[in-house]
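Here are the chains, one letter per residue:
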Amino acid sequence: MSFHVNILRGCLLLGVLAGGAWAFLPTPLNLTDPDINNILCPNQMLDEDYSHESITREAIRRNIRDFFRDYPPTPDFLLRDNASLTEIFHAVYGVNASPSRFIKAVNSIARACVKADSLYQYRYDPTIHGDGEELDTLHSKLISRYPLIYSSIMVDEDYAGARSLLGTSLHSIQDFYSHSTWIDEGNLEVLEELGRPGYAIDGILATDTEDVCTSCPSSQGSCAGNVITGKGVSSGFYTYPTEVGESQLIPKPPTGGKCSHGGVLDLTARDDPLGGVNKDSTSPCFSPHNYYHYAAAEVAIEATDFYLNLFEDAVGPDKYRRLYDIYQGSALSVSIDTTGSMGDDIEAVKDQVAQIVASTNTEVYVLSPFNDPDCGPVLRTSDSQEFLDAVNALEPYGGGDNPELFWCGLQNALGVTPDYGAVFCFTDADAKDGELMNPIIALAQQQHNKVTVILSDLAAKKDEKGLGEGKHERDLITSTDEYIELAEATGGLFINAAKFDVNDIVDIIGSTVETSTVTLMQLETSQNLREEVPVDDAIVDFELRISGELTSGLFTNPTGKTYDLLDATSLESDPSVEVISHTSTFKALRWTAPVYGIWLLNTTLSSASHSVSILATSSLDFFADFAFLDPLPPHPHYRPIEGQPLSDTQYYLEVTLIGHVESQVAVVETVQFIDKAGVVLRETPYHVDAQDQVYLHTDPLPEQSFFIMLVGFLTSESKWQRLSAVERKPVQSTVMLYATTEDLSALPGTSTTAQFVVTNYGVASVFDITGTDDLGFLTSVVPDSVLIATNESVLVEASFTVPNTASHGQVSTVIVTARSETQTENLNSALAHFIVVSSVTDLRAPTCVLSSAPDCTGYLNNGICQYLNYSATASLRDFDSGLYDVRAVPVGFDLTVTGLIPGTTDAVQAAYLASCCSPQAQIRGVDGQGNVGVCDIDLGTLGGLIMNFHVNMTGDVWMMLKWDITPSDLPIEYYNLETDSEPTMQSHCQELSCTEFINYLEPCQTHMFTLTPYFTISTGIHVAGASAYTQGDTLEGGDPETPTNGREIDATENTITFAWDPENSVCTYQYEVCYYEVNTDPSLAQCTTTTTASVTLRNLEPCKAYFADVVAKSSTTGESSDPLNFYGVTLCVDVPSKLH
């Protein structure tokens, strides 16, 4: 089946995002785009609106903040209410720990949420968006998806699949508050029953015959009072022109009493009753109830947070943390050839793997052996000893012919390796399953897995085994060139050694698994090199790697000191250099305390080519993903692309900056697309101030492969650059999923099909269609070969059969690839997740009955509660899907569970032991569908417990502290207060609410307070109770002083970036910067404000001189400092900036 494509390329050719507004739409939009301007009438909108992206990120931010408050790494751990995702991660793991993997996990959930408005199978579906009074069906779909998310985490630990499903559910939950009349009926709280198994919402919904809306004065514009209060909750009907989704849209009943969605895209808004009820934005053109936008968004954030908490309760804190990839260590993933010829190499790996494990901070271990004809089984564990035991149990066997199942081993490893985990492949042979190569590379790139191939003496072993021996006609053989391509495409290494020595690469493996590693440079060239390398202030250390033989190699630091890269003796004797590996063909060197500035690398080749990569430890990093503007209904947005981008096509590049605030980024000047030789192919200006997320309009993409690099300056004038090591290969075809969650799931012992869409934008060609999945459920793709004309699409049907032995919750990663026979580089892939569902429908929580009554009589008081423990026993049982987990909150001293076999429907016994300092506790039982049954333990309120300890008021050198204390059986003697770990005072407050004034503090600083109560247990004997902690910031004191050390950081044809140093480095003032062109009237100066010590003046004229003044302003007194004066000149046309 083929059909004409009329959507993609026509939607890719619109405006530039230079700082747009946010809307309760899927993504932020650039309001200057003509197609968007007419829909949203931006001049009538309020300040920043909310999108599904921003709602999801904010909800996760609050959720993870509260998670670490509930599970603090230390007793005195504190987080600000407004702590960002990066600040949360740094507070837990330290300022040098990179939050990249965590931010990417959050982004993937937000992106899955957006895709509910992007994917054809979801964007028109009213049961996903709650339109047309399909709220009860929306609720039912949420309930059916809930156990799939839960089992993806608990059974298979497929967090990528769980994030995808979770994002879809979050979209529906958020749409409920924007599309329904819940807010209009005066409800400003979360509907906690929504989407929860075992709960119904039909009792609050409007009936089919119930009138819920009256007409607005006009079919367009803002409208108030059109919802009939006191009626059931309803949602608007929404229809619009669409050939693809027309069959899914629900027409508005002609009764005259049902609401419309409303807005300029809604055809039903013109039918009686006029207008609509959506709260998607503050635009009256798009949202008739625009005035409720912020209320709906806030409740949607709270509802998203509430729904996430359901999963935290169900899966437990450890797995919930992994859902967001929140851990400091990375993954060590090994895929190893175990055929007979690998005997010496396997022994070498065994000898050194313990050293690798001991020297790295690793959270997840993966071992994926491959042989021929066997592949697997794969091991994933967080237990280092289990991993070491499995490695030590490896024995060489079989083989006999040269090619082995290399790609199968890598596929298995990638299937269980978390994002940003490094994979190391050890082999001495070609691969016979080369048909898997392209989809496996696509999977590694999507997961940001760097794959390193260690190839041992391939040529000699080909001669020993015989190259063609054992090869079947169907085998697609790949060899050294393809291994090199794999390493280059994923940012890994290719190490070709005649009988490699693992001693040489153990430190390379160790450094590669560290998660704070960023890429500064990655080149492969057949030319001699003379390259400048900016080493910026945000870098802790860096590593230089060179593959290939050199005649000479010199590396010069900014002070002029030169390192001879060929002189191993000199390098090893230099205390500033750590020699990781130094052979004739491979060198790895680390500078642990580098000089900041521009380094110069000079190399002369003695081999055909060489590759150079420079990695650094830094928390400053970025992500980049391509999207295109989709202005079509139902919800205009930037639609993220799947797979590789299209060549000669303009996109929006979504750039996510990580750590830019902490690293003091002054300016991001440009985004560069560079080839593997370092040549800049395209350059896109970064038109806005450095921010967490921005969409930038690109030039048409080049035809050749490229990498993405960001360049700019820190406030210190230090130039910085970061490279995304994932290779982008522009193509002329796309593969997209055209299947729902229901299509991509099945019971054990059953079969199903799912559809994909392959589109050709190149010359007419026959395309080979292939598919693979790591669990082997995929049985065929039809057609497997098809002629596709230019701008035509075909539907591809993938068939799946789930064996009877499969367990519910197993997730298989599916990859469908299309490749042109005439243009072999024209290939693309789509990834999906197939899940095995349970035959049991279970909406009932497990039962939990306490069989003993714990007692803390006489010890329920802070200060003495630690002297007595209590025990409780409970009997838990689930009659439907069976019990899968039993845990206690808080953890307590011990929880002994007997009789728990996952899936059991028999009674399970739990014995809990805890301190009387935890008088409230829960024993939780979780069944196979994620339902949670609870035994509540409540021994009463702990007396003498400090509550709500906080900074009530603050000044420049003082703070007012306030706290409450629960009624106590023991008299309070006094409170001991420490400020910044130093004794401050004793408070003798005897009330249940207390206040103390703290003076003589340093201004403009964060101060930490520890409050410890002391109780009298007998005459003259006092005992300390549990402490409470809080923090606060003093304000700036006195009048602000003039900033110093003004400097120009950068200039372009239309911008000048200035930076300065605050006179008081610990105070955060607001700065006002006023600027005007030289020889013009100063009274016409334009002014802008900033809270950072840098500013970029934009929209200036080329080749012009400008004066600028900066003053510091006090937030307490309103006074301003004397001005600091600047002078700067924009570049003339065709004059390069400092970056060049």
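Fair warning: this is a prediction, and the values are worked out from it, not measured in the lab.

What the chain contains, in helices and strands, is 18 helices and 55 strands. Here the C-alpha atoms of the chain give a radius of gyration of 31 Å, agreeing with the 32 Å that 2.2 N^0.38 yields for 1140 residues. Its C-alpha atoms give the chain principal-axis dimensions of roughly 85 × 75 × 75 Å. Every one of the 1140 residues in the chain was classed for burial, and the buried ones make up 58%. Long-range pairs, those at least 24 residues apart, make up 72% of the contacts in the chain with a sequence separation of at least 6.

Take the sheet that holds strand β45 (residues 993-998) next. Strand order in the open sheet made by the three strands is β41-β42-β45, with antiparallel pairing throughout. Either end of the sheet is taken by a strand with one partner, and the two such strands are β41 (946-954) and β45. Pairwise comparison of adjacent strand axes, ignoring direction, gives a mean angle of 20° for this sheet. As paired elements, strand β42 (residues 959-965) and β45 share six bridges and run antiparallel to each other.

A few words on the sheet that holds strand β30 (residues 785-788). In a beta sheet, neighbouring strands pair by backbone hydrogen bonds and run either parallel or antiparallel. The strand order across the open sheet formed by five strands is β26-β33-β32-β28-β30, and the pairing between neighbours is mixed. Looking at which strands have only one partner, the edges of the open sheet turn out to be β26 (745-746) and β30. Bridge count for strand β32 (residues 811-820) against strand β33 (residues 827-836) is nine bridges, and the pairing is antiparallel. Following the sheet pairing, Ile815 is matched in β33 by Leu831.

Relative to the 28 Å expected for 20 residues at 1.5 Å per residue, helix α7 (residues 135-154) spans 29 Å between its end C-alpha atoms, a close match to the ideal helical length. Judged by how many residues are buried, α7 sits mostly within the fold: 15 of 20 residues are covered.

With that out of the way, let us pick up the pattern of salt bridges. A full pass over the atoms with the stated rule returns 40 salt bridges. A salt bridge links Glu133 to Lys258, with the nearest nitrogen and oxygen atoms 2.9 Å apart. Here Glu133, found in the loop between α6 (126-129) and α7, pairs with Lys258, found in the loop between α8 (159-179) and α9 (293-315); they are 125 residues apart in sequence, far enough to count as distant. Linking Glu347 and Lys350 is a salt bridge whose minimum nitrogen-to-oxygen distance equals 3.4 Å. Taken together, the residues span about one helical turn, with Glu347 and Lys350 both in helix α11 (residues 343-359) at a distance of three residues.

What follows deals with unusual backbone geometry. The omega torsion of the bond from Asp372 to Pro373 falls at 20°, within 30 degrees of zero and hence cis. By secondary structure assignment, the location of Pro373 is in the loop between β3 (362-370) and β4 (379-381). With an omega of -5°, the peptide bond between Val889 and Pro890 qualifies as cis. Among the structural elements, Pro890 can be located in the loop between β36 (883-889) and β37 (894-898). Even without a glycine there, the phi angle at Asn791 is positive, about 60°.

This part takes up the environment of Leu148. Relative to the helices and strands, Leu148 resides in helix α7. Overall, Leu148 belongs to the buried group, its relative accessible area being 10%. The spacing of Leu148 and Gln810 is 662 residues in sequence and 9.6 Å in space, taken between C-alpha atoms. Residues within four places of Leu148 in sequence aside, it is in contact with Leu165, Thr741, Ile835 and Val837.

For the structure on display, the rule yields 46 aromatic pairs. A ring pair is formed by Phe67 and Phe68, whose centres lie 5.2 Å apart and whose planes are at 85°; its orientation type is edge-to-face. Aromatic side chains Phe555 and Trp599 sit 5.0 Å apart centroid to centroid with 45° between the ring planes, which places their arrangement in the tilted category. Of this pair, Phe555 sits in strand β11 (residues 550-556) while Trp599 is found in strand β15 (residues 597-605), placing the two residues 44 residues apart along the sequence. One exposure class covers both Phe555 and Trp599, and it is buried. One aromatic cluster is present, formed by Phe67, Phe68, Tyr71, Tyr320 and Tyr324 through successive ring pairs.

This part covers the state of the cysteines. Evaluation of the coordinates by the stated rule reveals nine disulfides. Paired by a disulfide, Cys1103 and Cys1132 hold their sulfur atoms 1.7 Å apart. Torsion about the S-S bond of the Cys1103 and Cys1132 cystine: about 55°, corresponding to right-handed handedness. Separated by 29 residues along the polypeptide, Cys1103 in the loop between β53 (1094-1097) and β54 (1105-1113) and Cys1132 in the segment after β55 (1124-1129) bring together distant segments of the chain. A relative accessible area of 28% means that Cys1132 is categorised as partly exposed.

Moving on to the pairing of strand β22 (residues 693-697). As a general feature of sheets, a regular strand has side chains that alternate between the two faces. Summarising burial for β22: five of the five residues are buried, a large majority. Along β22, one buried face is formed by Gln693, Tyr695 and His697 and the opposite face, lined by Val694 and Leu696, is buried too. Where strand β19 (residues 652-658) lies against β22, five bridges are found, and the strand directions are antiparallel. Bridging from a neighbouring strand, Glu654 pairs with Tyr695 of β22.

The next subject is the packing of α7 against α8. In contact at an axis separation of 9 Å, α7 and α8 are set at 160° when each is read in the N-to-C sense. It follows from the interaxial angle that α7 and α8 lie roughly antiparallel. As α7 packs across α8, the resulting crossing turns out to be left-handed. On the side of α7, the interface is formed by Leu135, Leu138, Leu142, Arg145, Leu148, Ile149, Ser152 and Ile153, while α8 contributes Tyr159, Ala162, Leu165, Leu166, Thr168, Ser169, Ser172, Ile173 and Phe176.

Quick look at the packing of α7 against α9 now. Between α7 and α9, the least distance of the axes is 11 Å, while the angle of their chain directions is 45°. Judged by the inter-axis angle, α7 sits oblique to α9. Judged by the sense of rotation from one axis to the other, the crossing of α7 with α9 is right-handed. Residues Leu142, Tyr146, Ile149, Tyr150, Ile153 and Met154 of α7 lie in contact with α9, whose contacting residues are Tyr307, Leu310, Phe311, Ala314 and Val315. Taken together, the residues that form the contact of α7 with α9 break down as 11 nonpolar, no polar and no charged.

In the predicted model, the chain carries a mean pLDDT of 89, and 92% of its residues have values of at least 70. Within the model, the stretch residues 3-23 combines pLDDT values under 50 with 78 contacts to residues more than four positions away or in other chains. In the model, residues 465-474 has pLDDT below 50 throughout and makes 23 contacts with residues more than four positions away in sequence or in other chains.

Here α9 spans 33 Å end to end across 23 residues, near enough to the 33 Å set by a 1.5 Å rise per residue. In the segment just after α9, Gly316 is the residue with positive phi, at about 90°.

Here we take up the side chain of Arg163. With respect to the helices and strands, Arg163 occurs in helix α8. On the accessibility criterion, Arg163 (4% relative accessible area) is buried. Apart from residues lying up to four places away in sequence, Arg163 is in contact with Ala105, Ser108, Ile109, Ala112, Arg322, Leu323, Asp325 and Asp419.

Before going further, it helps to spend a moment on the nonpolar core. Counting residues in hydrophobic clusters, the biggest one holds 96 residues, and the most contacted among them are Tyr177, Tyr324, Phe406, Trp407 and Leu410. No other element matches the 12 residues that α9 contributes to this core. Ignoring anything within four residues of it in the chain, the contact list for Trp407 reads Ala431, Asp433, Gly434, Leu436, Met437, Ile440, Ile441, Thr478, Glu482 and Leu486.

Looking at where Asp773 falls in the secondary structure, it is placed in strand β28 (residues 765-773). At 3.1 Å, the side chain of Asp773 and the backbone nitrogen of Leu778 are in polar contact.

Of all six residues in strand β14 (residues 586-591), six are buried; the element is thus mostly enclosed. Burial along β14 is two-sided: the face carrying Phe586, Ala588 and Arg590 and the face carrying Lys587, Leu589 and Trp591 are both buried. Here strand β13 (residues 577-582) runs beside β14; their pairing, made up of five bridges, is antiparallel. When the bridges of β14 are listed, Glu578 appears paired with Arg590. Counted along the chain from β13 to the antiparallel partner β14, the turn is three residues long.

How each quantity is defined
The written sequence of each chain sets the order in which its residues are numbered from 1. Residue-level local features of this predicted model are given only where pLDDT is at least 70; pairs of side-chain atoms are given and counted only at 80 or more, and the full residue set underlies all totals for whole chains, interfaces and linings. Heavy atoms throughout the structure, all of them, feed into the side-chain values; hydrogens and water do not. Numbering goes from the N terminus for both helices and strands, where a helix is a DSSP run of H or I of at least four residues and a strand is a run of E of at least two. As defined in this context, the radius of gyration uses C-alpha atoms, and a globule is described by 2.2 Å times the residue total to the power 0.38. The buried label goes to any residue with under 20% of its type's maximum accessible area, the exposed label to any with over 50%, and the partly exposed label to all in between, with areas taken from a 1.4 Å probe on protein chains only. Contact between two residues is taken to exist if any of their heavy atoms lie within 4.5 Å; hydrogens are not considered. The pairing criterion is simple: DSSP has to find at least two bridges between the two strands. The convention used is that axes are lines fitted to C-alpha atoms, helices contributing only their stretch in contact, and that angles between N-to-C directions extend from 0 to 180 degrees. An expected span of 1.5 Å times one less than the residue number is assigned to each helix. A pair is scored as a salt bridge if a Lys or Arg side-chain nitrogen falls within 4 Å of a carboxyl oxygen belonging to Asp or Glu. Geometry of aromatic contacts follows a simple scheme: Phe, Tyr and Trp rings, the Trp one being its six-membered ring, pair when their centres are within 6.5 Å, and the pair is stacked under 30 degrees between planes, edge-to-face over 60, tilted otherwise. Criterion for a disulfide: a pair of cysteine sulfur atoms at a distance within 2.5 Å. Orientation labels follow simple angle bins: below 35 degrees gives roughly parallel, above 145 gives roughly antiparallel, 65 to 115 gives roughly perpendicular, and whatever is left gives oblique. Each crossing is labelled by how the near helix is turned from the far one, with a counterclockwise turn of less than a right angle marking it left-handed and a clockwise turn marking it right-handed. Amino acid classes used here: Ala, Val, Leu, Ile, Met, Phe, Trp, Tyr, Cys and Pro are nonpolar; Asp, Glu, Lys and Arg are charged; the rest, including Gly, are polar. Scored from 0 to 100, pLDDT reflects the predictor's confidence in each residue. Take the buried residues of types Ala, Val, Leu, Ile, Met, Phe, Trp, Tyr and Cys, join any two whose side-chain atoms come within 4.5 Å, and each joined set is a nonpolar core. Pairing of N or O atoms within 3.5 Å defines a polar contact, subject to two protein rules: one partner must be a possible hydrogen donor and the other a possible acceptor, and residues neighboring in sequence count only if both atoms are side-chain atoms.

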